[in-house]
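# Working through the structure, step by step
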Amino acid sequence: MGKIIAIANQKGGVGKTTTCINLCAALKEQGMRILLCDMDPQGNATSGMGIDKNKIATNMYNVLIDGVTAASVITKTPYGDVLPSNKILSGAGVELVMTQNREFVLKNVLESIRENYDFILVDCPPSLEMLTLNSLCAADTVLIPVQCEYFALEGLSDLMTTIRMIKKALNPQLDIEGVLLTMYDARTNFSSQVAAEIKKFFSTKVFSVSIPRNIRVAEAPSHGMPVTEYDKPSRGSLAYYELAKQLMKRNSL
């Protein structure tokens, strides 16, 4: 039975989609059966996995709103399977409001295929909306990327409030998979200070590996591939491989 992990942070620009793509690819290379579920209408996770988001005939919108089966929409890539999305998905957030059991539509979708995978990674939009709510209600755990800067700490507080509310009212089993420090610059005292604050609050939930600022990580999406394929020896790539290993270890795999 696959574990569903929502990769979420209400603050944009923290490396959420980048983490989803590269963790997916790194886990696939470790022999894991992987599905990336793109719940962000920007579709960046879809294109980052090498799929032309403007040419896909059916996507997450059709699965959530039209009842199209997830299995028929899944696109296979060298880096893992993908439930793709594009800008059409933005309309689903509004339409889901009028749907019965609206918070659990994605959960029901993923339950039908989760046994085919070891991990299902859900890339959430950078805001609290119906698509994010569906993602958190479907998830077993949340992986939280946090950029090492001051304002990221404020966004983290908001996210924890959201998670507590969802855990209390909609998904009692929801737990924190881990907190991942991203865009870490070891040359600055400030990155170290932010990291220390986060570790003080989350303790062992913080992954011991952090994702460094790395130009190769930033370049890879423009080539339609994870950094683990674009430049395997790069610091960013090696960090994501280590993250994959730590995630597998936490889940006894």
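Described below are features of the structure shown in this document. (Residues numbered from 1 in each chain as written. Predicted model: local features only at pLDDT ≥ 70, side-chain atom pairs only at ≥ 80, totals over all residues. Heavy atoms only, no water.)

The next thing to look at is the overall build of the chain. On a plain count of helices and strands, the chain comes out with 12 helices and 7 strands. Computed over its C-alpha atoms, the radius of gyration of the chain comes to 17 Å, within 12% of the 18 Å expected for a compact globule of 253 residues. Oriented by its inertia axes, the alpha-carbon framework of the chain measures out at about 50 × 40 × 35 Å. Of all 253 residues assigned to the chain, the portion counted as buried reaches 56%. Look at the contacts in the chain between residues 6 or more apart in sequence, and 79% of them connect residues 24 or more apart. Of the roughly 11100 Å² of accessible surface on the chain, 52% is carried by carbon and sulfur atoms. (Helix = DSSP H or I, 4+ residues; strand = E, 2+ residues; numbered from the N terminus. Rg over C-alpha atoms; globule rule 2.2 N^0.38 Å. Buried < 20%, exposed > 50% of the residue type's maximum accessible area, 1.4 Å probe, protein only. Contact = heavy atoms within 4.5 Å. Areas by Shrake-Rupley, 256 points an atom, 1.4 Å probe, with all protein chains shown as cover.)

Residues in a regular strand project their side chains so that they alternate between the two faces of the sheet. Pairing analysis gives 3 bridges linking strand S2 (residues 34–38) to strand S4 (residues 80–83), with the strands arranged parallel. Directly across from leucine 36, in S4, lies its bridge partner valine 82. When strand S3 (residues 75–77) meets S4, the two strands line up antiparallel, connected through 3 bridges. Bridging across to S4, threonine 75 finds its partner in valine 82. (Pairing = 2+ DSSP bridges.)

On to the packing of aromatic side chains, then. Tallying each qualifying case throughout the model produces 1 aromatic pair. Relative to phenylalanine 202, the ring of phenylalanine 201 lies with its centre 4.7 Å away and its plane at 80°, an arrangement referred to as edge-to-face. For phenylalanine 201, a relative accessible area of 57% puts it in the exposed group. In this structure, arginine 250 is placed above the aromatic ring of phenylalanine 207, and the distance from its NZ or CZ to the ring centre is 3.9 Å. (Phe/Tyr/Trp six-rings, centres within 6.5 Å; stacked < 30°, edge-to-face > 60°. Lys NZ or Arg CZ within 6 Å of the ring centre and 35° of its normal.)

On the surface, a cluster of nonpolar side chains totalling about 340 Å² of accessible area is made up of Tyr150, Phe151 and Phe190. Checked against the element boundaries, tyrosine 150 lands in helix H8 (residues 150–169). In this structure tyrosine 150 comes out as partly exposed when scored by relative accessible area, which is 46%. (Patch = residues over 30% accessible without salt bridge, like charges linked within 9 Å, V, L, I, M, F, W, Y side chains within 5 Å. Salt bridge = Lys/Arg side-chain N within 4 Å of Asp/Glu carboxyl O.)

A few words now on the pairing of strand S6 (residues 141–147). Among the 7 residues in S6, 7 count as buried, and that is most of the element. Residues Thr141, Leu143, Pro145 and Gln147 line one face of S6 and the alternating positions Val142, Ile144 and Val146 line the opposite face, and both faces are buried. Pairing of strand S1 (residues 3–7) with S6, which is carried by 3 bridges, proceeds in the parallel orientation. Considered in S6, the bridge of isoleucine 7 is made with leucine 143. As paired strands, S6 and strand S7 (residues 175–182) are joined by 7 bridges and run parallel to one another.

Further remarks concern the packing of H8 against helix H9 (residues 189–202). The N-to-C vectors of H8 and H9 enclose an angle of 20°; their axes lie 10 Å apart at closest approach. Judged on the interaxial angle alone, H9 and H8 are roughly parallel. In terms of crossing hand, the pair formed by H8 and H9 is right-handed. For the pair H8 and H9, contact is made by Tyr150, Leu153, Leu156 and Met160 and by Phe190, Val194, Ile198 and Phe202, respectively. Tallied by class, the residues present in the contact of H8 with H9 amount to 8 nonpolar, no polar and no charged. (Axes fitted to C-alpha atoms, helices over the stretch in contact; angles between N-to-C directions. Parallel < 35°, antiparallel > 145°, perpendicular 65-115°, else oblique. Left-handed = near helix turned anticlockwise from the far one by under 90°. Nonpolar A, V, L, I, M, F, W, Y, C, P; charged D, E, K, R; others polar.)

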